[in-house]
Amino acid sequence: RVLESFCRSAREIVEAQEAAVGVIDSSVSPERAARAGSEAEGLRYFFRCAENGDSVFGNGIPPVTRRALRRLVSKGRPLRLSDTDDLLRANGQTSDLVQSFLGAPILSSGSVCGWVYLLNKLGADAFTESDERLAATLATQVAIAYENAMLYSDVQRHATELQLEIAERKLAEEERAQLLVRERLARAEAEQANRTKDEFLATL
């Protein structure tokens, strides 16, 4: 929910046609995640929103965008491209879908753990330097918000685990107490049986 809200807000603030945010799976290298052909590959989380509320590209991340993401991840700093940049050109031709690109890495402990990108500046041919600074600030803020959300989730999970452990210990203590009661009853029955036997033998 944090990342979805961020993605929608970033698109509106920067005035882009489309925005996307991705968090890289910790078991996958950032470079491999950036090479992935679809949002499911190498990403723990992916969300994309467009001006009309839907994705303008359907399934998968456009190849020109994947190339830009690879550069973004390898450099670990914001990246701003226009349709004159080679990364946004396929076979020397300008992409019909991507005229301008603005991306920023989401950093955690100094390494790239995700990215946010915006495509096609509304009302202009390209994103500006101030848009780039804004995207970098937004990426920093979402990194903090995401880490806080993850910490909160971890605390909740830990609290649930503790509650389960406490419940299991209580159940074990109750079972131990019941076992002790049964042992006392069995001992009392055995002692009574011994007394009865002794009395019977004494009577004989």
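Residues numbered from 1 in each chain as written. Predicted model: local features only at pLDDT ≥ 70, side-chain atom pairs only at ≥ 80, totals over all residues. Heavy atoms only, no water.

Draft legend 1. Representation of the overall build of the protein within the structure. Across its full length, the protein carries four helices and seven strands. Listing each helix as α and each strand as β along the protein from the N terminus yields α-β-α-β-α-β-β-β-β-β-α. Buried residues in the protein amount to 33% of all 204 residues. In the protein, once contacts between residues fewer than 6 apart in sequence are set aside, the share between residues at least 24 apart is 60%. Here the protein has roughly 12600 Å² of accessible surface; of this, 50% comes from carbon and sulfur atoms. (Helix = DSSP H or I, 4+ residues; strand = E, 2+ residues; numbered from the N terminus. Buried < 20%, exposed > 50% of the residue type's maximum accessible area, 1.4 Å probe, protein only. Contact = heavy atoms within 4.5 Å. Areas by Shrake-Rupley, 256 points an atom, 1.4 Å probe, with all protein chains shown as cover.)

Draft legend 2. Region of interest: the packing of aromatic side chains. In total, this model carries three aromatic pairs according to the counting rule given. Taking 5.9 Å as the distance between ring centres and 70 degrees as the angle between the ring planes, the aromatic pair formed by Phe 46 and Trp 115 counts as edge-to-face. Placement of Phe 46 in strand E2 (residues 43-50) and of Trp 115 in strand E7 (residues 111-121) is noted, with a sequence separation of 69 residues between them. Trp 115 matches Phe 46 in its accessibility class, with the two residues each being buried. (Phe/Tyr/Trp six-rings, centres within 6.5 Å; stacked < 30°, edge-to-face > 60°.)

Draft legend 3. Expanded view of unusual backbone geometry. Residue Glu 15 is not a glycine yet carries a positive backbone phi of 65 degrees. Within the element layout of this structure, Glu 15 appears in the loop between helix H1 (2-14) and strand E1 (16-24). The class for Glu 15 is partly exposed, based on a relative accessible area of 44%. Positive phi, normally seen in glycine, also occurs at Asn 120, with a value near 60 degrees.

These results come straight from atomic positions and should not be treated as a statement about function.
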